[in-house]
Amino acid sequence: MSTPRFRAVLDTMPPYKPGKAVVAPDGRSFKLSSNESPFGPLPSVREAIAEAATQIHRYPDPAAVALTEALAERFAVPYEHVALGPGSVTVAQQIFETVGEPGAEAIYAWRSFEAYPLLADLAGMTSVQVPLDDETHDLDAMAGAITDATRLIFVCNPNNPTGTVNRSAELVKFLDRVPDDVLVILDEAYREYVRDEDVPDGLTLYRDRPNVAVLRTFSKAYGLAGLRVGYLVGHEPVAAAVRKTTVPFAVNHIAQAAAIASVKAENELLERVEAVVKERTRVREALISQGWTIPPTEANFVWMRLGDRTPDFAEFCAGYGVAVRPFGTEGARVSIGDQEANDTFLAAAEAFGV
């Protein structure tokens, strides 16, 4: 019996591998593989979710007007500059769809967010992967990789999975080299965790650059990973193009209500972010004291370049009930959890040995 004819590219695409949970023999389980917040929603956000749940028999606002207004006000940007989607990875997919066609090229660092090559392939684009330099985006090399076919460049800052950053002077110099007709996306999923004052806020860079847009999410610092809310801030032509690729009713009613409540409670939420940042410092310093080489990180995770030992390390940590995120034979990314989870991970890392 014959089967339907699918796109040939699907045969070359590995499925996305989300972080998984593991359970130790003693029943303990710590998921440090998905960069999730260790904190649940704030009381005010839970109340908003409960109230919104009474209306789930109705379709959500397809334009998410109230949430768009809240974000525009929060960041002092025009309403028309905001585009929403169910998670920043879906907004990224929409971005690829706005510029992607056969022969067009997308440039991004590698290793960086693992969804980029999948999304490029789906959009029919050619990926141009520029190797990291000392675990950081090599912006000079990325600028040098631009050709007449380049349509899109992603700069993940802080970078996932290494946590490293590009600072103001080098990023501005890079943007100055990018042609005006090439769209640059500053992927700032971890912006709220940045404490290096020389790391620019993409929202200050995009304002006088029509070809630059910023991608952010409510999944990490805001603790709404399960509800899926992401957004883009860019000039009106960019945001309008992204909105054209949005599936109707993409951001559900509960997600919209929770995101609005989270914006209102931002000061309280950012206190929790500060607690994660302090734990991040503690974990990194403890690993370094154990003898590990850990690059500076401005995200809510640390990166361990383990090479061929990566699979063994992940399996060893699983024995402690700690799930980490291995990347082949390159290294492992470890999210910052609560103190118990972090202490258990540190014990596993010490026992495994450098």
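For clarity, every value in this text was computed on a predicted model and none was experimentally measured. (Residues numbered from 1 in each chain as written. Predicted model: local features only at pLDDT ≥ 70, side-chain atom pairs only at ≥ 80, totals over all residues. Heavy atoms only, no water.)

Draft legend 1. Highlighting the nonpolar core. Among the nonpolar cores identified, the biggest contains 82 residues, and Ile 153, Phe 174, Phe 218, Leu 287, Phe 313 and Phe 345 are the most heavily contacted of them. Those residues within four positions of Phe 313 in sequence are excluded, and the remaining contacts are Trp 292, Met 304, Leu 306, Val 324, Ala 332, Phe 345, Ala 349 and Phe 352. (Core = buried A, V, L, I, M, F, W, Y, C linked by side-chain atoms within 4.5 Å. Buried < 20%, exposed > 50% of the residue type's maximum accessible area, 1.4 Å probe, protein only. Contact = heavy atoms within 4.5 Å.)

Draft legend 2. Geometry of the sheet that holds strand β7 (residues 212-217). The 7 strands are arranged β2-β8-β7-β6-β5-β3-β4 in an open sheet whose pairing can be described as mixed. With one partner strand each, in any of the chains shown, β2 (82-85) and β4 (126-131) form the two edges of the open sheet. Shown here is a sheet whose adjacent strand axes are inclined to one another by a mean of 20 degrees, direction ignored. As defined by bridge partners, strand β3 (residues 105-110) adjoins strand β5 (residues 150-156) across 4 bridges and the pair is classed as parallel. In the sheet register, Glu 105 faces β5, and the bridge partner there is Thr 150. (Pairing = 2+ DSSP bridges. Helix = DSSP H or I, 4+ residues; strand = E, 2+ residues; numbered from the N terminus. Axes fitted to C-alpha atoms, helices over the stretch in contact; angles between N-to-C directions.)

Draft legend 3. Layout of the pairing of strand β9 (residues 301-305). Counting buried residues in β9 gives 4 out of 5 residues, a clear majority hidden from the surface. Pairing analysis gives 5 bridges linking β9 to strand β12 (residues 331-335), with the strands arranged antiparallel. Following the sheet pairing, Trp 303 is matched in β12 by Arg 333.

Draft legend 4. Structural detail: the side chain of Asn 166. Turning to its location among the elements, Asn 166 is positioned in the loop between β5 and α6 (168-177). Judged by relative accessible area, which is 1%, Asn 166 ranks as buried. A polar contact is formed between the side chain of Asn 166 and the side chain of Glu 170, at a distance of 3.4 Å. The contact partners of Asn 166, leaving out residues within four places of it in the chain, are Thr 136, His 137, Leu 139, Asn 157, Val 199 and Pro 200. (Polar contact = N/O pair within 3.5 Å; in protein donor to acceptor, adjacent residues only side chain to side chain.)

Draft legend 5. Up close: the UniProt feature "modified residue: N6-(pyridoxal phosphate)lysine" (unreviewed entry) in the chain. UniProt records the feature "modified residue: N6-(pyridoxal phosphate)lysine" (unreviewed entry) at Lys 220, using the numbering of this structure. Examined against the element boundaries, Lys 220 turns out to sit in the loop between β7 and β8 (230-233). Among residues more than four places away in sequence, those in contact with Lys 220 are Ser 34, Asn 35, Ser 37, Ala 189, Tyr 190 and Tyr 193. (UniProt positions renumbered as here; feature names shortened; annotations may be inferred.)

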